[in-house]
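# Chains, contacts and geometry: an overview
Residue strings, one per chain:
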Amino acid sequence: MATEIAKDPIDAHRTATERGGDSGRNSRWKRVQPWTRQLTIRGVTASIIIGSVYSVIAMKLNLTTGLVPNLNVSAALLAFIFVRTWTKTLQKAGFVTKPFTRQENTMIQTCAVACYSISVGGGFASYLLGMNRKTYELSGVNTEGNSSYSVKEPGLGWMTGFLFVVCFVGLFVLIPLRKVMIVDLQLTYPSGLATAVLINGFHTQGDEMAKKQVKGFMKYFSFSFLWALFKWFFSGKDKCGFSEFPTFGLKAWKQTFFFDFDATFVGAGMICSHLVNLSLLLGAVLSYGLMWPLLDRVKGRWYAESLEESDMKSLYGYKVFLSVALILGDGLYNFVKILVSTIVSVHHRVKKAKTGTGLDDNEKPATEEKQDEMFLRETIPLWLGLVGYLAFATVSTIAIPQMFPQLKWYFVITAYILAPSLAFCNAYGAGLTDINMAYNYGKVALFILAAISPKHDALIAGLAGCGLIKSVVSVACILMQDFKTAHLTSTSPRAMFVSQLIGTAVGCVTAPLSFFLFYKAFDVGNPNGEFKAPYALIYRNMAILGVEGVSALPKHCLQICYGFFGFAIGVNLVKDVGGGRVGKWMPLPMVMAVPFLVGGYFAIDMCLGSLIVFVWGKLNREKAEMMVPAVASGLICGEGLWTLPAAVLALAKINPPICMKFVPS
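Residues numbered from 1 in each chain as written. Predicted model: local features only at pLDDT ≥ 70, side-chain atom pairs only at ≥ 80, totals over all residues. Heavy atoms only, no water.

Considering the arrangement of structural elements, one finds Leu 513 in helix 21 (residues 493–521). Along the chain, Leu 513 and Asn 655 lie 142 residues apart, while their C-alpha atoms are 23 Å from each other. (Helix = DSSP H or I, 4+ residues; strand = E, 2+ residues; numbered from the N terminus.)

Looking now at the environment of Ala 423. Secondary-structure assignment places Ala 423 in helix 18 (residues 409–433). Distance in space between the C-alpha atoms of Ala 423 and Leu 641 is 34 Å, their sequence separation being 218 residues. Setting aside chain neighbours within four positions, we find Ala 423 in contact with Val 173, Leu 174, Val 473 and Ala 476. (Contact = heavy atoms within 4.5 Å.)

Turning to the packing of aromatic side chains, a few remarks are in order. Summed over all chains, the structure comprises 46 aromatic pairs. Measuring from ring centre to ring centre gives 5.2 Å for Phe 515 and Phe 516, while their planes differ by 85°; the resulting arrangement is edge-to-face. On the accessibility criterion, Phe 515 (0% relative accessible area) is buried. An aromatic cluster is present here, built from Trp 227, Phe 230, Phe 234, Phe 242, Phe 245, Phe 259, Phe 261 and Phe 662 joined pairwise through their rings. The residue whose ring lies beneath Lys 152 is Trp 158, and the NZ or CZ to ring-centre distance is 5.0 Å. The ring of Phe 404 carries Lys 152 above its face, with NZ or CZ at 5.6 Å from the centroid. (Phe/Tyr/Trp six-rings, centres within 6.5 Å; stacked < 30°, edge-to-face > 60°. Buried < 20%, exposed > 50% of the residue type's maximum accessible area, 1.4 Å probe, protein only. Lys NZ or Arg CZ within 6 Å of the ring centre and 35° of its normal.)

All right, on to the nonpolar core then. With 190 residues, the main nonpolar core has Tyr 54, Leu 63, Ile 400, Phe 404, Leu 407, Tyr 416 and Phe 602 as its most contacted residues. Here Phe 602 is in contact with Thr 65, Leu 67, Phe 265, Leu 280, Val 594 and Pro 595, once residues within four sequence places are set aside. (Core = buried A, V, L, I, M, F, W, Y, C linked by side-chain atoms within 4.5 Å.)

What follows concerns unusual backbone geometry. Of note in this structure, Thr 256 is not a glycine but carries a positive phi near 70°. With relative accessibility at 14%, the residue Thr 256 sits in the buried group. Backbone geometry places Ala 533, a non-glycine residue, at a positive phi of 45°. With respect to the helices, strands and loops of the structure, Ala 533 is situated in the loop between helix 21 and helix 22 (534–548).

The next thing to look at is helix 28 (residues 621–651). Along its 31 residues, helix 28 runs 45 Å from first to last C-alpha, staying within 8% of the 45 Å computed at 1.5 Å per residue. At Met 627, helix 28 shows its maximal bend, which comes to roughly 45°, and the proline Pro 629 appears one to four places after that position. Following helix 28 by one or two positions, Lys 653 adopts a phi angle in the positive range, close to 60°. (Expected span 1.5 Å × (residues − 1). Bend = angle between axes of the 7 residues up to and from the residue.)

Turning to the pattern of salt bridges, a few remarks are in order. Going through the model one piece at a time under the given rule, you end up with seven salt bridges. Asp 262 is the salt-bridge partner of Lys 60, the closest N and O atoms lying 3.8 Å from each other. Taken together, the residues Lys 60 in helix 3 (residues 41–64) and Asp 262 in the loop between helix 12 (250–254) and helix 13 (263–271) connect sequence positions 202 residues apart. Classification of Lys 60 by relative accessible area gives buried; the value is 4%. Note on Asp 262: relative accessible area 6%, which makes it buried. Between Asp 576 and Lys 337 there is a salt bridge whose closest N-O contact spans 3.2 Å. (Salt bridge = Lys/Arg side-chain N within 4 Å of Asp/Glu carboxyl O.)

For the rest of this paragraph, the subject is the state of the cysteines. Within this structure, the stated rule accounts for one disulfide. Across the disulfide, Cys 240 is cross-linked to Cys 659 (sulfur-sulfur distance 1.8 Å). The chirality of the disulfide connecting Cys 240 with Cys 659 is left-handed, given an S-S dihedral of about -50°. Pair noted here: Cys 240 is in the loop between helix 11 (207–232) and helix 12 and Cys 659 is in the segment after helix 28, with a separation of 419 residues, a long-range link. A relative accessible area of 3% places Cys 240 in the buried class. (Disulfide = S-S within 2.5 Å.)

Empty space among the atoms becomes visible once a probe the size of a water molecule is rolled across them. Tallied over the entire structure, the rule returns five cavities of 30 Å³ or more. Size it by volume and the largest cavity reaches roughly 130 Å³. Taken together, 15 residues line the largest cavity, and the ones lying closest to its centre are Leu 138, Gly 525, Lys 532, Ala 533 and Leu 537. Mapped by element, the contributors of at least two residues to the lining of the largest cavity are helix 6 (133–138) and helix 22. For the lining of the largest cavity, the residue count by class is ten nonpolar, three polar and two charged. (1 Å grid on protein atoms, 1.4 Å probe; cavity = no way out; pocket = protein on both sides within 12 Å on 5 of 7 lines; lining within 4 Å. Points joined across faces, edges and corners; volume = space filled by probe spheres on them. Nonpolar A, V, L, I, M, F, W, Y, C, P; charged D, E, K, R; others polar.)

With 29 residues, helix 21 extends 41 Å from end C-alpha to end C-alpha; this agrees with the ideal 42 Å at 1.5 Å per step. The largest bend in helix 21 amounts to roughly 30° and is located at Gly 507.

Time to look at the confidence of the model for the protein chain. The predicted model of the protein chain averages 83 in pLDDT, with 91% of residues at 70 or higher. For the protein chain, the element scoring lowest by mean pLDDT is helix 1 (residues 9–30), at 41; helix 7 (residues 156–167) scores highest, at 93. Of the regions scoring below 50 in pLDDT, residues 1–30 engages in 52 contacts with residues more than four places distant in sequence or in other chains. (pLDDT = per-residue confidence, 0-100.)

Below, the discussion takes up a positive patch on the surface. Positive charge collects at one region of the surface, where Lys 212, Lys 215, Lys 219 and Lys 623 lie side by side. Take the positive patch: its biggest share by element is three residues, from helix 11. Mapping Lys 623 onto the fold places it in helix 28. Classification of Lys 623 as partly exposed rests on a relative accessible area of 43%. (Patch = residues over 30% accessible without salt bridge, like charges linked within 9 Å, V, L, I, M, F, W, Y side chains within 5 Å. Areas by Shrake-Rupley, 256 points an atom, 1.4 Å probe, with all protein chains shown as cover. Lys, Arg positive; Asp, Glu negative; His and termini not counted. Charge placed at Lys NZ, Arg CZ, Asp CG, Glu CD.)

Given below as structure tokens:
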């Protein structure tokens, strides 16, 4: 799950344009290089390094909470810092270096984001991990529909192959509609726009500001890395160290309310909007502060006292299915809303075009006309999109049934027939709202396949089909957002598309390697451990619901699920109908669902990040806007990168020397 920085990118775009001035714009038009020169060896090298680092960081976040903030802006900043530091070092050593342009910056950001996006959306913490034996056992060995045949252990070979055959299909599906969506319909794509604003700002603001950002990043990167090293010495056993520090007392600690001193989540909280972080805290209070203590009191009446807490027929079942109810309610509402808004918007624009009052008749500013001209100058051939889609879809249709015999070839063909229209709807909706609904399309496929497949095949077929649809739809949407960034930074679409191909190929290798780094070194999937991977259990139980229906639920769970499902829809209705004053205070139900399984500790970390941004903005708004991305990136990268040596130490059986633990007196 990705989230956005809480600021209006359109206003930011205007501000950055005014700041850059006419001279900056004119120089940009005169000196844009051909697409073959926008792709550089140093750019590809920087992309692979940044993308690989972010793959590890995103995998850590994915396997701990399942909540990964949008790191696009952070990747653009890191690309700027990396290449600027590189060129300055070479210049001081007496070498002549090629100027660093906004086009090269865009190429690096695009390639790095395509790389780490595979770690975020590749299913390593959700539908793919949901197939393994541990998740099967957590879902209840005796649970109806949870067949022992529906188990497939993670493997580096088949996971890498699966990613290669499903992720590349999405890159070709919307190529014919590039001009329509970016130039003709002028869709906003707020994430792509915000990234373009940041990159344009980097290359107009001067060296002094860049130096401050580099210094800020390095300072907090070093602090975060060294702090993670310091914490490691005190974590000799489970439930030891600063990550289990009872900040608010032992009673609160038992209900997962404590500050765990994790700089990664503090940095993530600085990037996420205040609404996301407060929704997490509300979900933690509602679940671990209210619901679970109340359900614990009915032990012996609603569920047997003899059952372990991790049993799906005890308290753990309520935790899983109530979070599923929130996710499905929020997903269904937004799915219908965006589908309707897409149909209405397309109809409205087609009607305007027929009456001669279309968008093309409106006089555009000279800057936008120049952007359109440069964006359309280097076309991507239509035949490339068609041939690429058909070729990869054919390979996928042959390969996927070999990997997952439960998912029949005719289901795969049907999915690829429907995929272009689903990808268009999703990309169009994201252009209007900035919400990537790929996971919801995947969930629809999961339920349908789980319901219509033979019972012993249903779980694996549903989970694999979910990944197939989700990957195509998501990659196509990310590609279109990057086309928007390319359009606003005068970057060649060809260079951007090749960058996406390189980044996706690298991501299909680095993402499985990152996953197995954690999977071999740590106890991934343990509900009481650090790497809980909550979405693996959620997705498997969604598939069980598709097979068995409500009979899979614990006692009285259905009635409570109705309430939470209705709550999710009601909150979204109030947000849309209540206007800005009321709507801005409504929480995000899908975000609220994460602490139901994970706990409240990381919500406290992220709220602290929000508090830092809020106070900093009040004290010095201009400095905060400039430095928050650099500081947050430093905090995330420092502790995130410590995961590499920590995993190596764990694999070498080298344990921390000290266990710091607190017990009642």
